[in-house]
There are 2 protein chains.
Amino acid sequence: MSARAGIVITGTEVLSGIIADRNGPWLSERLRERGVDVAHIVITGDRRDDLRDALAFLAGDDIDLIVTSGGLGPTADDLTTEVVAEFAERPLRLDPALEGRIRVILERNRARWRRLDDAALLAGNRKQAMVPEGATILEPVGTAPGLVVPPRDSRGPTILVLPGPPGELQPMWVTALETDAMRAALARATVLEQRIMRLWGPPESQLAQSLREIAAEGVPLEELEVTTCLRRGELEIATVFTPDRAPVYERLVAGIRERHGPELFSEDGATVDEQVARVLTGPPVRTVAVAESCTGGLMAGRLTERAGSSAYVLGGAVVYSNAAKVDLAGVDPALIEAHGAVSAPVAAALAEGAIARFGALLGIGITGIAGPGGGSEAKPVGTVFISVAARDGGREDRRVQLAGDRAMVRDRTTTVTMHLLRARLLALAA
Amino acid sequence: MSARAGIVITGTEVLSGIIADRNGPWLSERLRERGVDVAHIVITGDRRDDLRDALAFLAGDDIDLIVTSGGLGPTADDLTTEVVAEFAERPLRLDPALEGRIRVILERNRARWRRLDDAALLAGNRKQAMVPEGATILEPVGTAPGLVVPPRDSRGPTILVLPGPPGELQPMWVTALETDAMRAALARATVLEQRIMRLWGPPESQLAQSLREIAAEGVPLEELEVTTCLRRGELEIATVFTPDRAPVYERLVAGIRERHGPELFSEDGATVDEQVARVLTGPPVRTVAVAESCTGGLMAGRLTERAGSSAYVLGGAVVYSNAAKVDLAGVDPALIEAHGAVSAPVAAALAEGAIARFGALLGIGITGIAGPGGGSEAKPVGTVFISVAARDGGREDRRVQLAGDRAMVRDRTTTVTMHLLRARLLALAA
């Protein structure tokens, strides 16, 4: 029997749909990786009764671990510690040493704040240093400490209390795993393997058909937990299994490989961004530059997302206006005149222009209609021309017709471009 | 007393964090607009017991309406109708007329499917035509009908059963609102007002102090539901109240204005992006161009997020390398030599260079250290220099020290830049 967990996300802004929750999915993936079965994610407002009800619901549902996110700030609507302490029947006590450590952090931030109010700061500081009796403190990443609160009578759930900002929650999760209290809570967990394959190209229904065929050939897929999902235009097959089922998983991989060889671009879970970054980094380093129109900087933004990308990204030109296309990317105005700014020849000229302008080995050119306006019958909204050229010759050219709104067209364009860049890099290496 | 609702999102992919739920936030906003108080959103897997537990939890929490999304498909792991029928004690009956209508839809889609399996199709068709006794049918948008299931004994909650794909759920929600069963469930709802103020500058603890002061002056803030939250480096105050409490809300606004006048940049909920877009759009149109280093295209990407931005964004230069700074943005190499690429003079030169290169009215220059490497004692990771210059004179220069990882530093930099651009635009208008 595997350990079972519930997640409580607090915050009126999340509950009311004003901001999207990132912590629930993130925590769920981390728990699953560790073989913990997540029963429910409950999103609840900053209200004492509702938070207590959510804890009681999960505790009553045969759960070993409850993870909460949010509600640890200095203000009055931050209630989590208080409600958890009451729920676990562990009275709150001021921890003077913790108060001092939080104070040091606050002092460090002090310079950044204008008109700092000392009384407010002290009240908030003290509030954040209140700790339920017997709880393990997780040192603050921002200003709020986290907590591991063990069950009172060794029967109820352990409650892991984490702050709301993902930048604080994620590192604190790692710290929490190393505490004895969390080890005890997760003792029932069986370690599961999680593997990810990524495909680019086939529709999801085609993949579903392939899975049916593989099962029909006698591969006992029911012994694995296979989930397929469409993510940023790519298909992901995530599979979880107990280590003794590894041979079954290998047969699944073989079946997918057989049917989707060229489309299966990742068998180890690496994203296309990771694969491209690896090849660009080298050795030898392969430099890249971008000249993009409809993506407005997002392609350069995606290429520079990773630490160390300055070694291979030389730069980019966001060429929204025709004048910029000519001036910055060296596109021949006659080409724009003859084919229109959104056309295959202009995309190719942008790619070649990026190479020339930045002295890069690889150049990317993107031009399209992100919408909602600007479409025509011949080139409807979602039409995008992409070229990836190599200085030493060779070019990938693609015209795509993307569905969705402006943000989706722009985002999907960067995914298609990543795959074209990958294809050109593979061709260069061959 | 206002009506109270709960939302149940079903689906193992959502629970496991593989795909992001869009229905919970969407339904929550729709309910709130109608004055319905949402108590919890519960995300649960495709498991009979867990779904039943989630319904029981919400029903026991003084709730008038439960909305479910997902689990209405033709396959065996689609359980929602069955579990809801059992929960509401309303036996399932085949509705032959509905079965016929679904069949017509299936026949229409037939052409689109390869290797169609007739037996599977018929079984699925019949499954989707099973209706709990006394429930109101919502006609399919895809192939799955929705349901409004009234309480057995007029005391439990009404359950609105909707399909998972947002493209089906959203139009079906509108249809559902017109049914007598939903009208009855929402009879207790009062229409609520929702207002948002935005501040840039003060820390959250300072705002908490202001709220305490305003309450101490006798403004009955407990009659409003005030939530403060830090979002992308800005502070948001979201307030919900019944229309008769509007005068109290006005006193809150006055109190915030008095204490945070220059920091309160939005009283109507408009984001800084919306405000900037409005002024740039004109008339008169004010054009803008970017020369950015550490943000790697994200500033141009943010400026071009909005439809119609091509009217005022002329373009951008992503100048990662020093050569690109000189060549594309016209930065004097001696300046880089003397002050370093990450410096106030280079940021200013980038802003002026963007104006010159693109012929824009406004130029933005950004240079900084996004990390994780590249920091020094004098310029640690998170140091960013930003300049926003106007061709007709005047410039905003700012050095900031941002916390967080690479992605956070890059994102926060675009927020600071948006505020500097707003400040320069206000100065131009003055």
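Sequence order sets the numbering: in each chain, residues are counted from 1 along the sequence as written. Chain letters start at A and ligand numbers start at 1, both assigned in the order the entries are written. Local features in this predicted model are restricted to residues whose pLDDT is 70 or higher, and side-chain atom pairs enter the listing and the counts only when it is 80 or higher, whereas totals over whole chains, interfaces and linings include all residues. Excluding hydrogens and water, the side-chain values take into account all heavy atoms of the structure.

1. Some words on the overall build of chain A
Thinking step 1. The way it works is that DSSP assigns letters per residue, a run of H or I at least four long becomes a helix, a run of E at least two long becomes a strand, and they are numbered from the N terminus. In terms of regular secondary structure, chain A is built from 16 helices and 17 strands.
Thinking step 2. Expressed along its principal axes, the backbone C-alpha trace of chain A runs to roughly 75 × 70 × 45 Å.
Thinking step 3. With a 1.4 Å probe rolled over the protein chains alone, any residue whose accessible area is under 20% of its type maximum counts as buried; one over 50% counts as exposed, and the rest are partly exposed. Here chain A, with 430 residues, has 56% of them falling under the buried criterion.
Thinking step 4. Counting only contacts in chain A whose residues sit at least 6 apart along the sequence, the fraction spanning at least 24 positions is 69%.
Thinking step 5. For the purpose of charge, His is not counted, nor are the chain termini; Lys and Arg are scored as positive and Asp and Glu as negative. To locate a charge, take atom NZ for lysine, CZ for arginine, CG for aspartate or CD for glutamate. Chain A carries 48 positive and 57 negative side-chain charges, and their two centres are separated by 4 Å. Every residue pair with non-hydrogen atoms within 4.5 Å of one another is taken to be in contact.

2. Observations regarding the pattern of salt bridges
Thinking step 1. Throughout this description, the term salt bridge denotes a Lys or Arg side-chain nitrogen within 4 Å of a carboxyl oxygen of Asp or Glu. Within the structure shown, the criterion is met by 49 salt bridges over all chains.
Thinking step 2. Among the ionic pairs, aspartate 244 of chain A bridges to arginine 245 of chain A, the shortest N-O distance being 2.6 Å.
Thinking step 3. Across the salt bridge formed by glutamate 352 of chain B and arginine 395 of chain B, the nearest N and O atoms sit 3.4 Å from each other. Taken together, the residues glutamate 352 of chain B in helix 15 (residues 344–358) and arginine 395 of chain B in strand 17 (residues 395–401) connect sequence positions 43 residues apart.
Thinking step 4. A relative accessible area of 38% means that arginine 395 of chain B is categorised as partly exposed.
Thinking step 5. Put simply, Arg4 and Asp37 of chain A together with Arg47 and Asp50 of chain B are held in one network by salt bridges that share partners.

3. What to know about unusual backbone geometry
All names here are of chain A.
Thinking step 1. The omega angle of the peptide bond from proline 283 to proline 284 is -5°, so this bond is cis rather than trans.
Thinking step 2. A positive phi is found at glutamate 89, a non-glycine position, where the angle reads about 55°.
Thinking step 3. Exposure remark for glutamate 89: the relative accessible area of 57% places this residue in the exposed category.

4. Let's talk about helix 15 (residues 344–358) of chain A
Thinking step 1. Any helix carries an expected span of 1.5 Å times its number of residues minus one. Helix length check: helix 15 of chain A (15 residues) gives 21 Å between terminal C-alpha atoms against 21 Å at 1.5 Å per residue, within 8%.
Thinking step 2. Those residues of helix 15 of chain A not exposed but buried are Val346, Ala347, Ala348, Ala349, Leu350, Ala351, Gly353, Ala354, Ile355 and Phe358 of chain A.

5. Observations concerning the packing of helix 11 (residues 272–281) of chain A against helix 16 (residues 406–429) of chain A
The relative placement of two packed helices comes down to the angle between their axes together with the axis-to-axis distance.
All names here are of chain A.
Thinking step 1. With their axes 10 Å apart at the nearest point, helix 11 and helix 16 run at an angle of 40° to one another. As for the relative orientation of helix 11 and helix 16, their crossing is left-handed in sense. On helix 16, the residues touching Val272, Asp273, Gln275, Val276, Val279 and Leu280 of helix 11 are Met418, His419, Leu421, Arg422 and Leu425. Axis lines are fitted to C-alpha atoms, over the contacting stretch for helices. Their N-to-C directions set the angle, which ranges from 0 to 180 degrees. Helix crossings fall into two classes, left-handed where the near helix is turned counterclockwise from the far one by less than a right angle and right-handed where it is turned clockwise.

6. Focus: the interface of chain A and chain B
Thinking step 1. At the junction of the two partners, chain A supplies 78 residues and chain B supplies 78 residues.
Thinking step 2. Counting the contacts that link chain A with chain B gives six salt bridges.
Thinking step 3. Among the ionic pairs, aspartate 50 of chain A bridges to arginine 4 of chain B, the shortest N-O distance being 3.0 Å.
Thinking step 4. Whenever two N or O atoms come within 3.5 Å, that pair is a polar contact, provided that in protein one can donate a hydrogen and the other can accept it, and provided that, for residues adjacent in sequence, both atoms are side-chain atoms. At the boundary of chain A with chain B, the tally comes to 33 residue pairs in polar contact (both at pLDDT 80 or more).
Thinking step 5. With eight residues, the single largest contributor to the side of chain A that touches chain B is strand 2 (residues 37–44) of chain A.

7. Notes on the packing of aromatic side chains
Thinking step 1. Side-chain rings of Phe, Tyr and Trp (the six-membered ring for Trp) are treated as a pair once their centres are within 6.5 Å; stacked means planes under 30 degrees apart, edge-to-face means over 60, and tilted covers the remaining angles. Using the criterion set out here, one finds three aromatic pairs over all chains in the structure.
Thinking step 2. Each ring, one from phenylalanine 57 of chain A and one from phenylalanine 57 of chain B, has its centre 4.2 Å from the other, and the planes form 0°; the classification is stacked. Of this pair, phenylalanine 57 of chain A sits in helix 3 (residues 48–59) while phenylalanine 57 of chain B sits in helix 3 (residues 48–59), each in a different chain.
Thinking step 3. Judged by centre distance (5.0 Å) and plane angle (20°), the ring pair of phenylalanine 241 of chain A and tyrosine 249 of chain A falls under stacked. For the pair phenylalanine 241 of chain A and tyrosine 249 of chain A, a shared accessibility class is recorded, and that class is buried.
Thinking step 4. Definition used: whenever NZ (Lys) or CZ (Arg) falls within 6 Å of the ring centre and also within 35 degrees of the ring normal, the charge is taken to sit over that ring. Over the ring of tryptophan 26 of chain A we find arginine 30 of chain A, and its NZ or CZ is 4.9 Å from the ring centre.

8. Considering the nonpolar core
Thinking step 1. Counting residues in each nonpolar core, the largest one holds 56 residues, and the members touching the most others are Leu160 of chain A together with Leu160 of chain B.
Thinking step 2. If near-sequence neighbours (up to four positions away) are discounted, leucine 160 of chain A is found in contact with Leu65, Ile66, Val67, Thr68, Leu138, Leu147, Val148, Trp173, Ala176 and Met182 of chain A.
Thinking step 3. Formed by 54 residues, the second largest nonpolar core is a distinct cluster that contains Ala39, Ile66 and Val131 of chain A together with Val42 of chain B. Only buried residues count toward a nonpolar core. Its members are Ala, Val, Leu, Ile, Met, Phe, Trp, Tyr and Cys residues joined through side-chain atoms within 4.5 Å.

9. Topic: the confidence of the model for chain A
Residue and element names in this part refer to chain A.
Thinking step 1. Scored from 0 to 100, pLDDT records how confident the predictor is in each individual residue. The share of residues in chain A with pLDDT of 70 or more is 97%, and the mean pLDDT across the chain is 90.
Thinking step 2. Per-residue pLDDT, averaged within each element of chain A, yields its smallest value for strand 10 (residues 225–231) (77) and its largest for strand 15 (residues 362–368) (98).
Thinking step 3. Quick note on the complex model: pTM equals 0.78, ipTM equals 0.76.

10. Quick notes on the sheet that holds strand 2 of chain A
Thinking step 1. Here 12 strands make up an open sheet; going across it, the order is 6(A)-7(A)-8(A)-3(A)-1(A)-2(A)-2(B)-1(B)-3(B)-8(B)-7(B)-6(B) and the pairing mixed. At either end of the open sheet lies a strand with only one pairing partner, and these are strand 6 (136–138) of chain A together with strand 6 (136–138) of chain B. This sheet shows a mean twist of 15° between the axes of neighbouring strands, independent of strand direction.
Thinking step 2. Any two strands between which DSSP finds at least two bridges are classified as paired. Note: strand 1 (residues 4–10) of chain B against strand 3 (residues 65–69) of chain B, five bridges, orientation parallel. Counted as the bridge partner of isoleucine 9 of chain B is serine 69 of chain B from strand 3 of chain B.
Thinking step 3. Here helix 7 (residues 166–177) of chain A sits on the sheet in contact with strand 3 (65–69), strand 6, strand 7 (146–149) and strand 8 (158–162) of chain A, set at roughly 145° to strand 8 of chain A.

11. Some thoughts on the side chain of arginine 406 of chain B
Thinking step 1. Here arginine 406 of chain B shows up in helix 16 (residues 406–429).
Thinking step 2. Buried and unpaired, arginine 406 of chain B has glutamate 305 of chain A as its nearest opposite-charge partner, separated by 8.4 Å.
Thinking step 3. A polar side-chain atom of arginine 406 of chain B sits 3.4 Å from the main-chain carbonyl oxygen of arginine 306 of chain A.

12. Some points on the sheet that holds strand 17 (residues 395–401) of chain A
Thinking step 1. Read across the open sheet, the 10 strands follow the order 17(A)-16(A)-15(A)-13(A)-14(A)-14(B)-13(B)-15(B)-16(B)-17(B); overall the sheet is mixed. In the strand order of this sheet, the two ends are held by strand 17 of chain A together with strand 17 of chain B, each with one partner. Shown here is a sheet whose adjacent strand axes are inclined to one another by a mean of 10°, direction ignored.
Thinking step 2. Bridge count between strand 13 (residues 288–292) of chain A and strand 14 (residues 313–318) of chain A: five bridges; the pairing is parallel. Residue alanine 289 of chain A lies in a different strand from strand 14 of chain A, and its bridge partner there is glycine 315 of chain A.
Thinking step 3. Helix 16 of chain A rests against strand 15, strand 16 (383–390) and strand 17 of chain A of the sheet, and its axis sits at about 25° to strand 16 of chain A.
Thinking step 4. Across the sheet, helix 15 of chain B is in contact with strand 14 of chain A together with strand 13 (288–292), strand 14 (313–318), strand 15 (362–368), strand 16 (383–390) and strand 17 of chain B; its angle to strand 15 of chain B comes to roughly 145°.

13. With respect to the pairing of strand 13 of chain B
Residues and elements named next belong to chain B.
Thinking step 1. With five of five residues buried, strand 13 is to be regarded as a mostly interior element.
Thinking step 2. Here strand 13 shows a buried face lined by Val288, Val290 and Glu292 and a second buried face lined by Ala289 and Ala291.
Thinking step 3. Handedness of a crossover is defined as follows: with both strands directed away from the viewer, a clockwise route from the first strand across the helix to the second makes it right-handed. Crossover strand 13 to strand 14 through helix 12 (residues 298–303) is right-handed.
Thinking step 4. As judged from the five bridges shared by strand 13 and strand 15, these two strands associate in the parallel manner.

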